Amino acid sequence: WKTGWSKFVQIPQHAQDSNAKLIVSGNVRPYHSADPCAPSFLQDVSLSGSWLEHNFVLVRAGSLESSVPFAVSVSGSDFEQIRNASRTEFVVGPEFSMWGEIRTENPEEWGPDARVTATVGKVSVDVSQHTEGRGEDSSAMLDISVTGLDRILEPVGGWLGVDGASLAGEAPLGCATPSLVALVKPHSSNETLPFVGFRSPRE
């Protein structure tokens, strides 16, 4: 499978980066570099394109208890943490907005952790973090979910688009477990808009 930076969403599918309306990329890293069969996880996520008013957004993973915590950089700015747990605004605009929060998605398994939501026209991108361990010895990983792609008339490229797993590579010989888990389902029973996403595997 492919590690490093890959495109998860690209609109339109075959556009040059400079002409793309939306690109969502992820930095896939192995848990253990010495083990070729080790699962991989998302360490960073970036968003760019004309729909973001040509801003470049970088989201980094990091335990909220560590010296390098979860944070967001917009167009080369210093990384900004989520200061207000209920809602921290990173970008506010008519077509592109982005905010973060600290929330508990599954209290039986995980403690409070970071999440950011970017709304870009008809598309919404959620990047949520899950952390294993505590402090500097912890491992933080990111999940991506994207809604609204079914409203886009143009072909959508990337791992979560029509390119699908063809861009993800193949597992090394003798390794049967996929490095990332793809999800395609509604957010809840009350919603009709499907989302597509990738979830970093849990050890």
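Numbering of residues starts from 1 in each chain and follows the order in which that chain's sequence is written. Owing to the predicted nature of the model, reporting of local features is limited to residues with pLDDT of at least 70; listing and counting of side-chain atom pairs is limited to 80 or more, with chain, interface and lining totals taken over all residues. In computing side-chain properties, one takes all heavy atoms of the structure into account and sets aside hydrogens as well as water.

Draft legend 1. Representation of the overall build of the protein within the structure. When helices and strands are counted, the protein shows zero helices and twelve strands. Put simply, DSSP H or I for four residues or longer makes a helix, DSSP E for two residues or longer makes a strand, and each gets a number counted from the N terminus. Written out in order from the N terminus, the α and β elements of the protein read β-β-β-β-β-β-β-β-β-β-β-β. In this scheme, a residue with accessible area under 20% of its type's maximum is buried, one over 50% is exposed, and one in between is partly exposed, where area comes from a 1.4 Å probe on protein chains only. Within the protein, the proportion of its 203 residues that are buried is 49%. Contact criterion: two residues are considered in contact whenever any of their non-hydrogen atoms come within 4.5 Å of each other. Once local pairs closer than 6 in sequence are excluded, the contacts in the protein between residues at least 24 apart make up 44%. Of the accessible surface of the protein, which amounts to about 10,400 Å², a share of 50% is contributed by carbon and sulfur atoms. To measure how exposed things are, a 1.4 Å probe is used in the Shrake-Rupley method; for residues, cover is taken only from the protein chains shown.

Draft legend 2. The arrangement of the pairing of strand S2 (residues 22-30) in detail. Most of S2 is tucked away: seven of the nine residues are buried. Any two strands are treated as partners once DSSP identifies two or more bridges connecting them. Pairing of strand S1 (residues 4-11) with S2 involves seven bridges; the strand directions are antiparallel. Pairing of Lys-7 across the sheet is with Ser-25, part of S2. Here S2 pairs with strand S3 (residues 40-48) via eight bridges, running antiparallel. Looking across to S3, one finds that Pro-30 is bridged to Ser-40.

Draft legend 3. Main features of unusual backbone geometry. Here the bond from Ile-11 into Pro-12 is cis, since omega is -10°, no more than 30 degrees from zero. Within the secondary structure layout, Pro-12 lies in the loop between S1 and S2. Even without glycine at this site, His-54 takes up a positive phi of about 65°. Mapping His-54 onto the fold places it in the loop between S3 and strand S4 (57-60).

Draft legend 4. Structural detail: the packing of aromatic side chains. The rule is short: rings of Phe, Tyr and Trp, with Trp giving its six-membered ring, pair when the centres are within 6.5 Å, and they are stacked under 30 degrees, edge-to-face over 60, tilted in between. All told, the structure shown has one aromatic pair when counted by the stated rule. The lysine or arginine in question, Arg-60, covers the ring of Phe-79, its NZ or CZ lying 4.5 Å from the ring centre. Here, over-ring charges are defined by two tests on the NZ atom of lysine or the CZ atom of arginine: distance to the ring centre within 6 Å, and angle to the ring normal within 35 degrees. Over the aromatic face of Trp-99 sits the side chain of Arg-87, whose NZ or CZ is 4.1 Å from the ring centroid.

Draft legend 5. Structural detail: the side chain of His-130. For His-130, the position within the fold is in strand S9 (residues 123-132). Note on His-130: relative accessible area 8%, which makes it buried. Pairs of N or O atoms within 3.5 Å make up the polar contacts considered here, provided that, within protein, one atom can donate a hydrogen while the other can accept it, and that residues adjacent in sequence are counted only when both atoms are side-chain atoms. A polar contact of 3.4 Å, which involves the side chain of His-130, links it to the side chain of Asp-143.

Draft legend 6. Structural view of the pairing of S4. Covered by surrounding structure in S4 are Val-57 and Val-59 together with Leu-58 and Arg-60, the residues of both alternating faces. Pairing of S4 with strand S5 (residues 71-74), which is carried by four bridges, proceeds in the antiparallel orientation. Across the sheet, Val-57 pairs through a bridge with Val-74, a residue of S5.

Draft legend 7. View of the confidence of the model for the protein. Confidence in the prediction of the protein, expressed as mean pLDDT, is 84, and 79% of residues score 70 or more. On a range of 0 to 100, pLDDT expresses the predictor's confidence in each residue. In the predicted structure, residues 183-193 sits below a pLDDT of 50 and forms 19 contacts with residues beyond four places in sequence or in another chain.

Draft legend 8. Fine view of the pattern of salt bridges. Here a salt bridge means any side-chain nitrogen of Lys or Arg lying within 4 Å of a carboxyl oxygen belonging to Asp or Glu. Taken as a whole, this structure holds six salt bridges when the rule is applied. Between Glu-89 and Arg-87 there is a salt bridge, with its nearest N and O atoms 2.7 Å apart. With a closest N to O distance of 2.7 Å, Asp-126 and Arg-115 form a salt bridge. In this pair, Asp-126 is assigned in strand S9 and Arg-115 in strand S8 (residues 113-120), connecting sequence segments eleven residues apart.

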